[in-house]
Amino acid sequence: MTGLITMADLTNEDIVEVLDAAERLLPVARGNAQMPLLSGRILGNLFFEPSTRTRMSFETAMKRLGGGVVNLGDVSTSSVVKGETLFDTIQMVDGYTDIIAMRHPRQGAARYAQDAARVPILNGGDGAGHHPTQTMLDLFTIRQAHGRLDGLDVVLAGDLRYGRTVHSLSHALARFDCRLVLASPELLRMPPEIVEDLRASGASVVETTDLYGSLDGADVVYMTRIQKERFADEDEYVKVAGAYKLHAKHLGEVRQDMIIMHPLPRVDEIHPSVDETRHARYFEQAFNGVVTRMALLCRLLGVDVPGGEA
Ligand code: NCD
């Protein structure tokens, strides 16, 4: 494997191995054990779009494993404003680093970067395309709560059109035989080609606009932010802004062990009353970004995480 551009770059066995390695790294991520597995290695963080969790958790992951990090920093103070092409930037950073984590507003940019680089690229989000490292931490969180990935009932809700997290996650869940309910306003439906792919892989997929009526019986409810920055027309955004507002009062009939997830940042789609319930998992989910990215960095750099089967 070179990089991680979409979830198609990992088999189901790969996914389980990475999650197992991530579990073994929990004490290191918490700072209770030291394991300098990546000492002497350098991660290049190239974020051409805003990021808090993805960028910081990659940096934390690398440093917890004894590695170093170089950052592109603010795009407005880099050579990008002088007109440097992505191809040139990548070719140069390729020579400075051992692995690159990248986020870019253009769909397909990570794949393009991988073609320009010798070092592995980890796609930290390419426009409305994919976000596979987020999916790995989502899967880690789901497995932690339910003890398995297979055969779960999962509701993906919100901006399914532009939300790259749900594009990658739906693909992975379908491969683990989960039943998917896709809840979104009409305007923000999952792109038809993705729905076709999910169905072609044998997954049961139901599309609905009724989020609240889909909650009972779900094992996981995955909320997403409406991706304002991807709308070409502000009026279209205004039509769907605030479409779903999940409140603790909606959770009366749900399964006791149902978990509510969100890649964050949230706007108003999850009311703070939900934070106090047993279902809220989004802050643990964000922490899980550190361990899963540690495990991914090790895997892509060809470093075994001790404790696994030989
Ligand atoms: C997501 C993203 O950037 O796609 N954030 C993240 O990585 N945790 C979701 C979002 O921005 O809404």
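Regarding the domain arrangement of the protein chain
Each assigned domain of the protein chain is listed with its residue range as follows: domain 1 (7-131 + 287-300) and domain 2 (133-281). Once you take the C-alpha centre of each, domain 1 and domain 2 turn out to be 25 Å apart. On the domain 2 side, the residues contacting the 34 residues of domain 1 number 24 residues. Buried area between domain 1 and domain 2, both sides added, is near 2500 Å², and the carbon and sulfur share of it is 57%. Contact with domain 2 buries surface across domain 1, with M7, L19 and H131 losing the most and accounting together for 28% of the total. Where domain 1 packs against domain 2, one counts four salt bridges.

A word on the side chain of D94
Residue placement: D94 occurs in helix α4 (residues 86-96). On the accessibility criterion, D94 (5% relative accessible area) is buried. Looking at D94, its side chain comes within polar contact range of the main-chain nitrogen of V119, at 2.9 Å. The residues touching D94, leaving out its near neighbours within four places in the chain, are I100, A117, R118 and V119.

Side note on the packing of aromatic side chains
Taken as a whole and assessed by the stated rule, the structure comprises five aromatic pairs. Ring geometry for Y212 against Y244: centres 6.4 Å apart, planes inclined by 85°, an arrangement best described as edge-to-face. Note that Y212 is positioned in the loop between β7 (204-208) and β8 (220-223) and Y244 in the loop between α9 (234-240) and β9 (259-261), a separation of 32 residues in sequence. With a relative accessible area of 31%, Y212 lands in the partly exposed category. For Y244, a relative accessible area of 9% gives the class buried.

Quick notes on the nonpolar core
One finds M136, L139, L156, L173 and L297 to be the most contacted residues of the largest nonpolar core, which totals 62 residues. In terms of residue count, the dominant contributor to this core is helix α10 (residues 282-300) (eight residues). The residues that make up this core include at least three from each of domain 1 (7-131 + 287-300) and domain 2 (133-281). Ignoring any residue separated from it by four or fewer positions in sequence, one finds L297 in contact with L38, L43, F58, A61, M62, I99 and L122.

The rules we used
Residues numbered from 1 in each chain as written. Predicted model: local features only at pLDDT ≥ 70, side-chain atom pairs only at ≥ 80, totals over all residues. Heavy atoms only, no water. Domains from an automatic or database assignment. Contact = heavy atoms within 4.5 Å. Buried area = accessible area lost by both parts, 1.4 Å probe. Salt bridge = Lys/Arg side-chain N within 4 Å of Asp/Glu carboxyl O. Helix = DSSP H or I, 4+ residues; strand = E, 2+ residues; numbered from the N terminus. Buried < 20%, exposed > 50% of the residue type's maximum accessible area, 1.4 Å probe, protein only. Polar contact = N/O pair within 3.5 Å; in protein donor to acceptor, adjacent residues only side chain to side chain. Phe/Tyr/Trp six-rings, centres within 6.5 Å; stacked < 30°, edge-to-face > 60°. Core = buried A, V, L, I, M, F, W, Y, C linked by side-chain atoms within 4.5 Å.

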